[in-house]
Amino acid sequence: MAIDASKKEIVAALESIISIASKMGIVIEAFDPGNVRVRLPKEPNLNHIGMVYAGSLFSLGDFTGGVLFCSCFDLKKYYPILKEASIAYKRPASTDVTIEASMTPAEIEALKKAADGAGKADFSREFELKGADGGTCCIFRGSFQIRKI
């Protein structure tokens, strides 16, 4: 899934706006309304024993939540906040790690309506972090909030 030319500018901005994510080499591989795929490369994210560093995996989950948000909402009207997050490490990651995340059109519209009415709305997401073999190495759970500007 290639990134549409009309979205390349926002993707480039997202990849560079959080400087640590850029230094970690995080790449947005797919960016469509309500559907994103984000990859964390193995290098330079290795720990002292040659596995992908736990903090990098957590950061991938957090960053992906923001990327998904940006694919769904007008950033001139709304912004995201991560309120709470947890990660369950299931097995060591020794390859690049990818997250595919989505939000349905109905979920997007319901959150817009709630944020327009109350100024903010909460939502949760769970992401599977998968290695190159497709196996799940971590589960990231985030409680996010959409806020109206």
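Refer to the preceding data block for the structure.
Below you will find a few notes about this structure. (Residues numbered from 1 in each chain as written. Predicted model: local features only at pLDDT ≥ 70, side-chain atom pairs only at ≥ 80, totals over all residues. Heavy atoms only, no water.)

Remarks on the overall build of the protein
Then comes step 1: In terms of helices and strands, the protein carries 4 helices and 6 strands.
Then comes step 2: Listed N to C, the secondary structure of the protein is α-α-β-β-α-β-β-α-β-β in terms of helices and strands.
Then comes step 3: Computed over C-alpha atoms, the radius of gyration of the protein comes to 15 Å, within 12% of the 15 Å expected from 2.2 N^0.38 for 149 residues, which places it in the range of a compact globule.
Then comes step 4: Counting only C-alpha atoms, the protein reaches 50 × 35 × 25 Å along its principal axes.
Then comes step 5: In the protein, which comprises 149 residues, the share counted as buried stands at 40%.
Then comes step 6: Put simply, of all contacts in the protein between residues at least 6 apart along the chain, 68% involve residues at least 24 apart.
Then comes step 7: Of the roughly 7,900 Å² that the protein leaves accessible, carbon and sulfur atoms contribute 54%.
Then comes step 8: Separation of charge centres in the protein, based on 19 positive and 18 negative side chains, amounts to 4 Å. (Helix = DSSP H or I, 4+ residues; strand = E, 2+ residues; numbered from the N terminus. Rg over C-alpha atoms; globule rule 2.2 N^0.38 Å. Buried < 20%, exposed > 50% of the residue type's maximum accessible area, 1.4 Å probe, protein only. Contact = heavy atoms within 4.5 Å. Areas by Shrake-Rupley, 256 points an atom, 1.4 Å probe, with all protein chains shown as cover. Lys, Arg positive; Asp, Glu negative; His and termini not counted. Charge placed at Lys NZ, Arg CZ, Asp CG, Glu CD.)

Observations regarding the nonpolar core
Then comes step 1: Counting 40 residues, the largest nonpolar core has Ile 28, Leu 57, Phe 73, Leu 129 and Ile 146 as its most contacted members.
Then comes step 2: Looking at this core element by element, the count peaks at 8 residues for helix α3 (residues 54-72).
Then comes step 3: Those residues in contact with Ile 146 that lie beyond four places of it in its chain are Phe 69, Phe 73, Tyr 78, Tyr 79, Leu 111, Ala 115, Gly 119, Lys 120, Ala 121 and Phe 123. (Core = buried A, V, L, I, M, F, W, Y, C linked by side-chain atoms within 4.5 Å.)

Details of helix α4 (residues 105-118)
Then comes step 1: Taking 1.5 Å of rise per residue, the 14 residues of α4 would be expected to cover 20 Å, and the 20 Å separating its terminal C-alpha atoms lies within 8% of that figure.
Then comes step 2: All buried positions along α4 are accounted for by Ile 108, Leu 111 and Ala 115. Seen along its axis, α4 keeps its buried residues to an arc of 70°; they face one direction. Exposed residues pointing more than 90 degrees away from the buried face of α4 are listed as Pro 105, Ala 106, Lys 113 and Gly 117.
Then comes step 3: For α4, the secondary structure elements touched by its buried residues are α3, β3 (78-89), β5 (120-130) and β6 (136-148).
Then comes step 4: Positive backbone phi, at 90°, marks Gly 119, one or two positions downstream of α4. (Expected span 1.5 Å × (residues − 1). Arc of directions from axis to C-beta.)

Comments concerning the packing of aromatic side chains
Then comes step 1: This model, assessed by the stated rule, comprises 5 aromatic pairs.
Then comes step 2: Judged by centre distance (5.3 Å) and plane angle (65°), the ring pair of Phe 58 and Phe 140 falls under edge-to-face. Here Phe 140 lies in strand β6 and Phe 58 lies in helix α3, a separation of 82 residues in the sequence.
Then comes step 3: Taking the relative accessible area as the measure of exposure, Phe 140 reaches 0% and is therefore buried.
Then comes step 4: Feature note: the residues Phe 58, Phe 127 and Phe 140 constitute an aromatic cluster, connected by ring pairs. (Phe/Tyr/Trp six-rings, centres within 6.5 Å; stacked < 30°, edge-to-face > 60°.)

Quick look at a nonpolar patch on the surface
Then comes step 1: Judged by side-chain polarity, Ile 17, Ile 18 and Ile 20 come together as a nonpolar surface patch covering roughly 310 Å² of accessible area.
Then comes step 2: Among the secondary structure elements, Ile 17 is positioned in helix α1 (residues 8-17).
Then comes step 3: Residue classification places Ile 17 among the exposed positions, given a relative accessible area of 63%. (Patch = residues over 30% accessible without salt bridge, like charges linked within 9 Å, V, L, I, M, F, W, Y side chains within 5 Å. Salt bridge = Lys/Arg side-chain N within 4 Å of Asp/Glu carboxyl O.)

Thoughts on the pairing of strand β2 (residues 35-40)
Then comes step 1: As paired elements, strand β1 (residues 27-32) and β2 share 5 bridges and run antiparallel to each other. By the bridge assignment for β2, Phe 31 is matched with Val 36.
Then comes step 2: Counted between consecutive antiparallel strands, the loop separating β1 from β2 contains 2 residues, among which Gly 34 sits at a positive phi close to 80°.
Then comes step 3: When β2 meets strand β4 (residues 97-102), the two strands line up antiparallel, connected through 6 bridges. (Pairing = 2+ DSSP bridges.)

None of this, on its own, says anything about what the molecule does.
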